[in-house]
Amino acid sequence: MEKKKFETKRSLLLYFINGSKRWFALAVVFACFMSLLDLVNPKIIGYTVDSLIGDKPSALPAYLNAFAEAMGGAGVLREKLWLVGIAVVLVALCSAVCRFLFRLFNSIGAETLVKNMRDTLFTHILKLPFAWHSVNHTGDIIQRCTSDVEQIKMFLSEQLTSLLRIFVLIAMALTYMYGISPKLMCASGIFIPLIIGYSFWFHKKIGSQFAIVDNEEGKLSSIAQENLTGVRVVRAFGREKYERERFEKQNAYYTNMWIRLMQLMGAFWTSGEFISYTQLLTVLLYGSHLALIGDITAGSFIEFVTYNAMLTWPVRMLGRVIANLSKAGISIERLRYIMNSDEEQDVPGASEPDFRQDIRFENVSYSYTEEGAKILDNVSFTVKAGTTLGILGSTGSGKSTLMYLLDRMYPLPEGCGRIMIGDTDLKNIKATWVRKNIGMVLQEPYLFSRTLSQNISIAAENKEISRVHKAAEVAQLADAIDHFRDGYETFVGERGVTLSGGQKQRAAIAQMLIRKPPVMIFDDSLSAVDAETDAKIRAALNRNVKDTTVILIAHRITTLMHADMIVVMDKGRIAEMGTHEELIGKGGMYARIYELQMQQSQIETEEAI
Amino acid sequence: MSEENKNIRLPLFGIPKILPYVKKYRVRIAMMFAMGVIVSLIDSIFPLFTRYAIDHFIGEKTMDTAGIFTLLFICVLVFQAVLNYISMYYSGMTEMDVDRDLRDASFNHLQTLSFAYFNQNSVGYIHARVMSDTGKIGELVAWRLMDIVWNGSYLLFILINMLVINAKLAVYILLLVPAASLLFSFFQSRLVVLNRRIREINSKITGNFNEGITGVRSIKTLVIEDVIGSDFRKDTEEMKRTSVKSTRYSASFSSVITMLGSVALALVLAKGGVLTREGAMMIGTLSVFMTYAANMMEPIQFIIETFSAMIAIQANIERFTRLMDTQSDVADSKEVIAKYGDTFEPKKENWEKLEGDVEFRDVSFMYPDGNEMVLENFNLKIPAGTNVAIVGETGAGKSTLVNLVCRFFEPTKGQVLIDGRDARERSQLWLHSNIGYVLQTPHLFSGTVRDNLRYGKPDASDEEIMNALKLVSAEGLLEKMDRGLDSEVGEGGDLLSTGEKQLLCFARAILADPRILVLDEATASIDTLTEKAIQDAIDTVIKGRTSFVIAHRLSTVVDADIILVVEDGKIIERGRHADLMKKKGAYYNLYTRQYEEMIVNQYGMA
């Protein structure tokens, strides 16, 4: 499937919001209802004051007037004021229901959005090529997937919907206020752009001061972190006093930055209150004047003051939302980077051939970067189906790279030779098919935070516990597992028991064995187990994996010597190749290493005698 | 994780426990509270202006007092704005000051705790005590208490105003308060539980991301993208469900609050309307009542939220005070402090020179969190200048001896003697100032190269620094960096490679010129050239000093004056290389295995 690219921030936002659009739409609808209903009660109050308590003609809008008439008109209502009370409660009830539905739909929308973002990101990240993962920092990606996602959610669900609601509320309130008195509305309305402007300005300032505070907190936090992780160094050099001064200095500085932020916030709140109350004063004086000259009634005056008060908060919010726009924009941009990275792809019409065939490396050369040093240089060899290949080589000789290429972790570029499975070029095979058929045990395997038995069977189609036991036995892990209190149900990984390096390696071997793949690779994966266990595992393997093509990478010649063929790697090239006997006969590098390893034990034996 | 969320109940919300840290600011806090009360008082007075405008200006149809009205309004407004600003500023400052003091106190206390504490608690855990518990407590002292003062007094003033203006009408409204409080508490308690659950799932999801990204190689080779992906979706689904459920409560909560406000309003309108029509009450008064009624619910909500936050903060207080109450199990005696000074105020004039003789005399040792003696009646004399190698599997407990020599731990029984005197007879700082320590994972502090090298000798001149760098053949390293000794090394030395960091650590140790050197060799594979440089550096550094090397390199081991072999925390063999090889025991096995790898690598590189 061709994965789409997101040219703009908007296109990504629209993509993510796809499943939650209707929820947000519903939320906005109910938000509008709510705002409208909130505007009704002041009308009722104004009417009550003027026409029921006073004796002015009704100034209610037609729909409310009809309602009042239906209840018996001003005459009846005047006697039964509690009916008005009930009307107010009913309106409030409707408004409360709308408020509830607004928040509920908004939350469903927001949570659907977050789930959608997280799921999409996670699935996408798993499909990104291994090369992408090696160049991007884990911490950074995780931060993008958590805080940036949260930032976008906050913006869309809390700020954007409230933005819409605020607009509706302001528009409606101003309309009503205009209906009461255009002049008074102008006097009050003049303050609105002022409040929005100042709130926007302050939030910008507060935002940048926040960034400073954050940064300083980061510094303080890492001083503490460094001190705690380096506690041995601190103690060993006797530098507690210095550490204390360093921490206290940064602590004081950070505190001052916070206090500066507090001053800003205080100024913001105070001036906000000040402006709002000045607005109130203006309305009170000018409104009284208008009432005095008979332009408006006492009831509509109260009504107006109520509307005016309703506007205070939303208007201040507006400035904040606008100031936060840029933050959300940055977060979307950061997610766009991940979403626009290319997923692993198979060639069109990729096949799924049988892996019980010969594996041929033909003139394979490779380097990780364009101009980088060659890790592999013109490597060719064949592994006959069902045989065992041993690879010996120093650290950095390219043996692991060979295996990564075979497992399609890195694609082999054009002109760098080819890897053949029987008659099929590896690049024409589906990547997942390749990995399903090649079991690879890594030198430093990763266990997932699940139970041991779940870890062993994680990639198996048949997860029967008996098969898990069998695999653990062959991998010589069963005894160790029996020693755990919870046995196979022992929880491992980040939040569980920590296994030793050797146990992890054996768990990974079991994890592969249970799948019974036609090709098995042990990438130095017996390095952390002792020679005796190593031998036991190999013996058990020999009994259990007939017809399997095995590739063994090791330092220990005793691990490799029984292989059908042995390849000796040196600086990306094949130095020698052949059976153990042939290589010994050649008297080259292999023979020398073998001799040294043997000689060593001989010298020791002699010394011992 | 479970501990972070545990509910803890302390008397009076744990406030008495933090009083010692707050005492200093008691005047400021008292003023803050007083001003908060006045601010609330003024807030509750403002509707009275509206009432006056309606009753006097509109009702009596005269603007005669408009001038005084405006003046008074502005005066009250300015007064209130100033008070408001000061009380906010004071709260903020108090919060920050308390935070700072608590952070300083906890950080400084940590500098005196023994390694037993650091072994039993992860860095993340301790770090959270210093950085986040303190913040929560500061928030409690300043804002939470202030919230209660503000909202409590505001609520009280409205109620009083209402009672004064019209007692009968006020009683109806008052009846709503207990009902509202009960309802709000119900919602709040539900929300607390749900929000805790949300935090738990959230951290699980972050864990999932971590696993998906750090474990990507295994996920790909096992082809389990789908398994991991669908498990992830289960977690996000639960997150969604729980979040929406929580919103159902919080949305009902806020709906009920506004609803109750309207009920109060309706009551005022129905009852007060009658009174007004009968002439018993003015329209302005009715309007004030309506404003009060509508504004009454919010403070109640705030107070309840504040109480639930205070309940949560008790856990932070508990953890913080537990840290402060932890006593170091390696402490200098009063006499020692009197003579040699303490950690922060040393009396260097009384310090004797350290020669470097170390002796273990009948030492038995058990880790404070262990249940088995790892050393029993251990005796070993190490004359000054001896080179001791300690070998064994990863996790076998090779650091134990080193920990005892450095007095990071003290023997359970017996004595460690330095220059013939019990280590406890002199101060920790005296000993530590004479010990050099190079860790397996080199630890640098963020700052410049110079800052780092001077760590063990703050007054070292650039010349001395350069000499030290030359001794470990690391002077070439500076040429690579653009600003020489002033180059930044990054957080934890991240801008340098492991090998480079290692070399700087050696230079740092040499510069301190310690009599006793402890060295934990790196196992991580580094390139051949650096490896050679490090090997040479080790040989240079240990010359002429008493050294303890936790060794992985064969040449270091072979040339050692004495080799100690550790297995399962115990010393099972000791002697020189040739003797141990003859024994064909644990050392022999260890040695041959490493040898095989070394040979393959040597040939590869040749």
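Residues numbered from 1 in each chain as written. Chains lettered and ligands numbered in written order. Predicted model: local features only at pLDDT ≥ 70, side-chain atom pairs only at ≥ 80, totals over all residues.

1. Considering the overall build of chain B
At step 1: Within chain B, the regular secondary structure consists of 22 helices and ten strands.
At step 2: Its C-alpha atoms give chain B a radius of gyration of 35 Å, clearly above 25 Å, the size a compact globule of 606 residues would have.
At step 3: Across its three principal directions, the C-alpha atoms of chain B cover 115 × 65 × 50 Å.
At step 4: In chain B, once contacts between residues fewer than 6 apart in sequence are set aside, the share between residues at least 24 apart is 79%. (Helix = DSSP H or I, 4+ residues; strand = E, 2+ residues; numbered from the N terminus. Rg over C-alpha atoms; globule rule 2.2 N^0.38 Å. Contact = placed C-beta atoms within 7 Å.)

2. Let's talk about the sheet that holds strand β7 (residues 516-520) of chain B
Residues and elements named next belong to chain B.
At step 1: Taken in spatial order, the six strands line up as β6-β7-β8-β3-β9-β10 in an open sheet, and their pairing is mixed. Edge positions in the sheet fall to β6 (435-438) and β10 (570-575), since each has one partner strand and no second. Looking at each pair of strands side by side, their axes are set apart by 15 degrees on average, direction ignored.
At step 2: Judged from the four bridges that link them, strand β3 (residues 387-392) and strand β8 (residues 546-550) form a sheet pairing that is parallel. For N387, the partnering residue across the bridge sits in β8 and is S547. (Pairing = 2+ DSSP bridges. Axes fitted to C-alpha atoms, helices over the stretch in contact; angles between N-to-C directions.)

3. Some remarks on the nonpolar core
At step 1: Ranked by internal contacts, the top residues of the largest apolar core, which has 222 residues, are V88(A), I390(B), L503(B), F506(B) and A507(B).
At step 2: In this structure A507(B) touches L453(B), A468(B), L469(B), V472(B) and A474(B), once residues within four positions along its chain are discounted.
At step 3: The next biggest cluster of nonpolar side chains, apart from the first, holds 106 residues, and it includes I141(A), I359(A), L442(A) and F448(A). (Core = buried A, V, L, I, M, F, W, Y, C linked by C-beta atoms within 7 Å. Buried ≥ 20, exposed ≤ 12 C-beta atoms within 10 Å, placed from the backbone.)

4. Brief notes about the sheet that holds strand β4 (residues 418-421) of chain A
All names here are of chain A.
At step 1: Within the open sheet, the four strands sit side by side as β2-β1-β4-β5. Their pairing is antiparallel. Two strands close off the open sheet at either side, each with one partner strand: β2 (376-383) and β5 (424-425).
At step 2: With two bridges connecting them, β4 and β5 associate as antiparallel partners. Within β5, the residue paired with M420 across the bridge is D425.

5. Some points on unusual backbone geometry
The bulk of non-glycine residues show a negative phi, and the bulk of peptide bonds are trans.
All names here are of chain B.
At step 1: With a phi angle near 60 degrees, R407 is a residue other than glycine that sits in the positive phi range.
At step 2: Residue placement: R407 occurs in the loop between α13 (399-405) and β4 (413-418).
At step 3: Despite not being glycine, D513 has its phi angle at roughly 45 degrees, a positive value.
At step 4: By the element assignment, D513 lies in the loop between α18 (498-512) and β7.
At step 5: A tally of 15 C-beta atoms within 10 Å means that D513 is categorised as partly exposed.

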